[in-house]
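What follows is the residue order along each chain.
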Amino acid sequence: MEKEMGLRIIGTGHAAPKKVVTNDDLSKLVDTSDEWIRERTGIERRHFAEEETNLDMAYAASADALLHAGIQKEDISLCIVATFSPDMQVPSQACLLQQRLGLNRDIPCFDINAACSGFLYGLQIAHALLTQSGGQYALVVGSEIISHRLNMEDRGTCILFGDGAGAAVVKLEEGYPFYGMMGADGDDKILICGQEDSENPYVQMDGQAVFKFAVSIIPKCINDVLEHTGLTAEDIDYFVCHQANRRIIEYVAKKMKQPLDKFYMNLQEYGNTSAASIPIVLSEMDDKGMFTPGKKAICVGFGAGFTWGAALLQW
Ligand code: COA
């Protein structure tokens, strides 16, 4: 019988724009305060792109990930960028990235839009396509410039988001368990029209409805992964959740009866960077040497669509 091939992350990288915007900075634009934002979300600052493009950040994160992976760019046989905020409609961010990185010219490169679940969709698509094609390495990136799509007069949304990129080089490899799940339900409680000439091109959101959705879907996703892999929550070293709100993550830790220190958080530094949020966390944890051999993590994302996705990864 053929051995099942899993997916292993072998290198990560991340990048964020230079400009840091604090809660106090935002309180000069809208009726809010550092205290309110910290208490209700956990966010302290975020990065907003001024000169940087989506591609600049995707490139910086990917170059870093390739360096950490210790492979040649010619070894990459698939490039996926998860984003809802590309620099242009076509070429895709992934094709632009292929050119800037100098990846092989005959490999599939494409963008996916699953909002904040995008990176997890990307990992699962990479697993499926590598398995089908016999390729060994893929580059999976989440990169977003959300600040350009924020209404800086809407205190309910402009305080939540930030810009950034995270990247992972993944390898199809025997002996590394990988299980992924993803879904969507066609809800529009988070909406970004994006067309400059429309009445409201900016992020629109029913914050409370999204909060309720998040605290119900994340434990469901984690339990689905545990059930399919025969593991228990105690077997998992880290739960890497989409970085939207500290209270959401605290709620999930409590519901899963797991210590909060298994849930790495960096939303205080970046806010919600949508598809970039999970790979930025993975890259920071990697930089801190947290992924020693054998460590297991369940990553969980949720976002506009509504979409959701989760994956078990082992180092
Ligand atoms: N500063 C100060 N007050 C604010 C505020 C801000 N930035 N934003 C909202 N408020 C006010 C509201 O107007 C409301 O005032 P009122 O009681 O006088 O009507 C009050 O704070 C409470 O608002 P509410 O919406 O109930 O707050 P909340 O505790 O639900 O927090 C969010 C709002 C948006 C932080 C929270 O709902 C949330 O994080 N939701 C999930 C959003 C998310 O993750 N989106 C992305 C998913 S990928």
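Everything quoted here is computed from the prediction, not taken from an experiment.

### Overview of the pattern of salt bridges
Going through the model one piece at a time under the given rule, you end up with 13 salt bridges. Measuring nitrogen to oxygen at the nearest pair gives 3.7 Å for the salt bridge that ties R155 to D31. In this pair, R155 sits in the loop between β6 (137-144) and β7 (164-174) while D31 sits in the loop between α1 (23-27) and α2 (34-41), placing the two residues 124 residues apart along the sequence. Since its relative accessible area comes to 63%, D31 is described here as exposed. The shortest N-O distance in the salt bridge between R38 and D34 comes to 2.9 Å. With R38 and D34 both in helix α2 and 4 residues apart, the pair spans about one turn of that helix. For D34, a relative accessible area of 21% translates into the label partly exposed.

### Focus on the nonpolar core
If you look at the biggest cluster of nonpolar residues, it comprises 48 residues, and the most contacted ones within it are I218, I222, L226, I298 and F302. Looking at this core, the elements that each hand over two or more residues are β8 (179-184), α6 (207-229), β11 (238-241), α7 (246-255), β12 (296-303) and β13 (307-314). Tallying contributions element by element places α6 first for this core, with 10 residues. Those residues in contact with I222 that sit more than four places away from it in its chain are F239, V252, M256, I298 and V300. Counting residues in each nonpolar core, the second largest holds 33 residues, with I9, L78, L172 and A311 among its members.

Thresholds applied
Residues numbered from 1 in each chain as written. Predicted model: local features only at pLDDT ≥ 70, side-chain atom pairs only at ≥ 80, totals over all residues. Heavy atoms only, no water. Salt bridge = Lys/Arg side-chain N within 4 Å of Asp/Glu carboxyl O. Helix = DSSP H or I, 4+ residues; strand = E, 2+ residues; numbered from the N terminus. Buried < 20%, exposed > 50% of the residue type's maximum accessible area, 1.4 Å probe, protein only. Core = buried A, V, L, I, M, F, W, Y, C linked by side-chain atoms within 4.5 Å. Contact = heavy atoms within 4.5 Å.

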